[in-house]
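Residue strings, one per chain:
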Amino acid sequence: MNKSVTIDKLMAPGGSRRRKEEVVELTEKMRVRPRRSALTLAQQGLLLFIVGTVPILFAAVQPWVWAVYTLAAFAAFVCRGLSLPTARPLVPIRLTTAPVVLFMGISLFLCLPLPLSIVKILSPVRGELIMEARTLAGGASGWAALSYTPLQSLSCLAFWLGLCLFFITAKDQLRFRRFLTTTLWVLFALAAMEALYGIIQA
């Protein structure tokens, strides 16, 4: 509400200038600043951890790094879901999300175990290879996935899903100016550190 309108409503006709200043000061003191909840702070902390450390840890190219960032993205999304109102959907329903959902669904379907008869229909080459391998090993025909490496495919799928959840959570939190400013300062500090490290190595 405009301060002048508030003053005009609260002031009686013929009020003094001093009275107006007191009303303005009282209005400023009564204004309540919104407080961030613990779930919001957890989301922002996890996002800053990912943004601030991924250039350092990712450069090591260690397998455990992927799992850490994937779990951090999932945890941030869970905190986001717990902090949202019940009427608000977890994932924004838009037309642009349809290709992502379709891609994730197909990737998950390729990792699921299916009867060998269905595998032969969907992928005849894959079905023949499984039949020959099991015949040589003396095993019975059972279930198999369409993917040649289902466990690795599942890990990649989890990482891709973590990237999508990170994008959704970061987009939701970057609406707040304070968090946006903090993120920019973290990026600037990280860029300065990387530049200094490059100069030292040169």
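Scroll up a little and you will see the structure.
Residues numbered from 1 in each chain as written. Predicted model: local features only at pLDDT ≥ 70, side-chain atom pairs only at ≥ 80, totals over all residues. Heavy atoms only, no water.

Draft legend 1. Main features of the nonpolar core. The biggest cluster of nonpolar side chains holds 6 residues, and these are Leu114, Leu116, Val119, Ile130, Ala144 and Leu146. Excluding its chain neighbours within four sequence positions, the residues that come into contact with Leu114 are Phe109, Val119, Leu122, Gly142, Trp143, Ala144 and Leu146. Ile50, Val65, Ala72 and Ala73 belong to the second-largest nonpolar core, a separate cluster that totals 5 residues. (Core = buried A, V, L, I, M, F, W, Y, C linked by side-chain atoms within 4.5 Å. Buried < 20%, exposed > 50% of the residue type's maximum accessible area, 1.4 Å probe, protein only. Contact = heavy atoms within 4.5 Å.)

Draft legend 2. Geometry of the environment of Thr169. When you line up the elements, Thr169 lands in helix H8 (residues 150-173). By relative accessible area, which is 0% here, Thr169 ends up buried. In sequence terms Thr169 and Cys79 are 90 residues apart; their C-alpha atoms lie 9.3 Å from each other. Setting aside residues no more than four positions away along its own chain, Thr169 makes contact with Gln43, Leu47, Ala76, Phe77 and Arg80. (Helix = DSSP H or I, 4+ residues; strand = E, 2+ residues; numbered from the N terminus.)

Draft legend 3. Local environment of the pattern of salt bridges. For the coordinates displayed, the defined rule picks out 2 salt bridges. When the shortest N-O distance is used, the salt bridge between Asp172 and Arg80 registers 3.5 Å. Highlighted residues: Asp172 in helix H8 and Arg80 in helix H4 (residues 63-83), separated in sequence by 92 residues. Two residues, Asp172 and Arg175, come together in a salt bridge whose shortest N-O distance is 3.0 Å. What makes Asp172 buried here is its relative accessible area of 7%. The exposure class of Arg175 is exposed, given its relative accessible area of 53%. Each of Arg80, Asp172 and Arg175 takes part in one network of salt bridges that share partners. (Salt bridge = Lys/Arg side-chain N within 4 Å of Asp/Glu carboxyl O.)

Draft legend 4. A nonpolar patch on the surface, seen in detail. On the surface, a cluster of nonpolar side chains totalling about 1,000 Å² of accessible area is made up of Leu102, Ile106, Leu108, Phe109, Leu110, Leu112, Ile118, Ile121, Leu122, Leu151 and Leu154. When contributions to the nonpolar patch are tallied by element, the ones reaching two or more residues are helix H5 (97-111), helix H6 (116-122) and H8. Examining the composition of the nonpolar patch, we find that 5 residues originate from one element, H5, more than from any other. With respect to the element layout, Phe109 can be found in helix H5. (Patch = residues over 30% accessible without salt bridge, like charges linked within 9 Å, V, L, I, M, F, W, Y side chains within 5 Å. Areas by Shrake-Rupley, 256 points an atom, 1.4 Å probe, with all protein chains shown as cover.)

Draft legend 5. Representation of H4 in the model. Here H4 spans 32 Å end to end across 21 residues, near enough to the 30 Å set by a 1.5 Å rise per residue. Every buried residue of H4 is listed here: Val65, Tyr69, Thr70, Ala72, Ala73, Ala76, Phe77, Cys79 and Arg80. (Expected span 1.5 Å × (residues − 1).)

Draft legend 6. Seen up close, the packing of H5 against H8. Contact geometry for H5 and H8: axes closest at 9 Å, N-to-C directions at 160°. When the axes of H5 and H8 are compared, the pair comes out roughly antiparallel. Two packed elements cross with a definite hand, and for H5 against H8 that hand is left-handed. Mapping the contact onto sequence places Val100, Phe103, Met104, Ser107, Leu108 and Cys111 in H5 and Pro150, Ser153, Leu154, Leu157, Trp160, Leu161 and Cys164 in H8. Split into classes, the residues belonging to the contact of H5 with H8 amount to 11 nonpolar, 2 polar and no charged. (Axes fitted to C-alpha atoms, helices over the stretch in contact; angles between N-to-C directions. Parallel < 35°, antiparallel > 145°, perpendicular 65-115°, else oblique. Left-handed = near helix turned anticlockwise from the far one by under 90°. Nonpolar A, V, L, I, M, F, W, Y, C, P; charged D, E, K, R; others polar.)

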